[in-house]
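Listed here are the chains, written in short residue letters.
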Amino acid sequence: MNLILFGPPGAGKGTQAALIVDKYKLAHLSTGDLLRHEMSSSTELGNEITEIINSGKLVPNHHVLKMIKIFIENNKKSNGFLFDGFPRNQDQANLLDKLLANLDLKITSVILLEVDKESLRERILSRSQKEGRADDNEETLIKRLEVYFSETEPVIAHYSNKGLVKSIDGVGEINDINQRINSILDLV
Ligand code: AMP
């Protein structure tokens, strides 16, 4: 099973991804987590991307694509993949198709977490108090939402044309949302 988890910032992708990979034993790729790790380790890449991430824009493709290639190569024997926060634009989606095809694999389902804007705002502001992420503030959220709707949401069509997208109501209790996801994945 190779999955993509889509949803706007604050939709709960990270929380649900952790539950999904645990249940279905998948290799979890969160490009946001990998990029944050680069920043907290103050690597050359981390220092280069800090300003971009904190402003809510996307990190240039060449940085992200290199990470994806390495991750897929290192985990090709896994039970499957869960891509969380990737692909974020059409070029990334094309590369993902190509890398998976090289291994005779393809995306089996795409989960789209749907959350209204007011709930996203509430979640991001509450997460900013708990986790202290510099990009979790009102101003950056506006930019991140703009980027999501202009660059990332159109990529969903790439997968809905193939009948792969399942929309999930992402508002409610964590376990209830997880049950909604599981009931779809158990049929895959
Ligand atoms: P996330 O944790 O997925 O919300 O990502 C946090 C930030 O990391 C985003 O706002 C982007 O600046 C950057 N980022 C994460 N994933 C990607 C990606 N696939 N392509 C480009 N930038 C990304």
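First, a word on what this report is: a plain description of the structure on this page. (Residues numbered from 1 in each chain as written. Predicted model: local features only at pLDDT ≥ 70, side-chain atom pairs only at ≥ 80, totals over all residues. Heavy atoms only, no water.)

Close contacts around the ligand come from 16 residues, with T31, R36, K57, V59 and Q92 the closest. The separation between a nitrogen atom of the ligand and a polar side-chain atom of T31 is 2.8 Å. In the model, a nitrogen atom of the ligand is placed 3.1 Å from a nitrogen or oxygen of the G85 main chain. For the shell around the ligand, the element with the most residues is helix α2 (residues 31-40), which contributes four residues. Class assignment of the residues belonging to the shell around the ligand gives a composition of six nonpolar, four polar and six charged. (Near = heavy atom within 4 Å. Polar contact = N/O pair within 3.5 Å; in protein donor to acceptor, adjacent residues only side chain to side chain. Helix = DSSP H or I, 4+ residues; strand = E, 2+ residues; numbered from the N terminus. Nonpolar A, V, L, I, M, F, W, Y, C, P; charged D, E, K, R; others polar.)

The next thing to look at is the side chain of T152. The residue T152 is located in helix α7 (residues 138-160) in this model. On the basis of relative accessibility, which here comes to 3%, the residue T152 falls in the buried class. Of note is the side chain of T152, whose polar atom sits 2.8 Å from the backbone oxygen of R88. What T152 contacts, discounting residues up to four positions off in sequence, is F6, P87, R88 and V147. (Buried < 20%, exposed > 50% of the residue type's maximum accessible area, 1.4 Å probe, protein only. Contact = heavy atoms within 4.5 Å.)

As a rule of thumb, nonpolar side chains are buried together in soluble globular proteins. If you look at the biggest cluster of nonpolar residues, it comprises 32 residues, and the most contacted ones within it are I4, F6, I72, F83, L96, I107 and Y159. No other element matches the six residues that helix α4 (residues 61-74) contributes to this core. Not counting chain neighbours up to four residues away, the residues in contact with Y159 comprise I4, F6, P87, A93, L96, D97, I107, V110, L164 and V165. Of all hydrophobic cores here, the second largest spans 21 residues; its members include A17, I111, V115 and I177. (Core = buried A, V, L, I, M, F, W, Y, C linked by side-chain atoms within 4.5 Å.)

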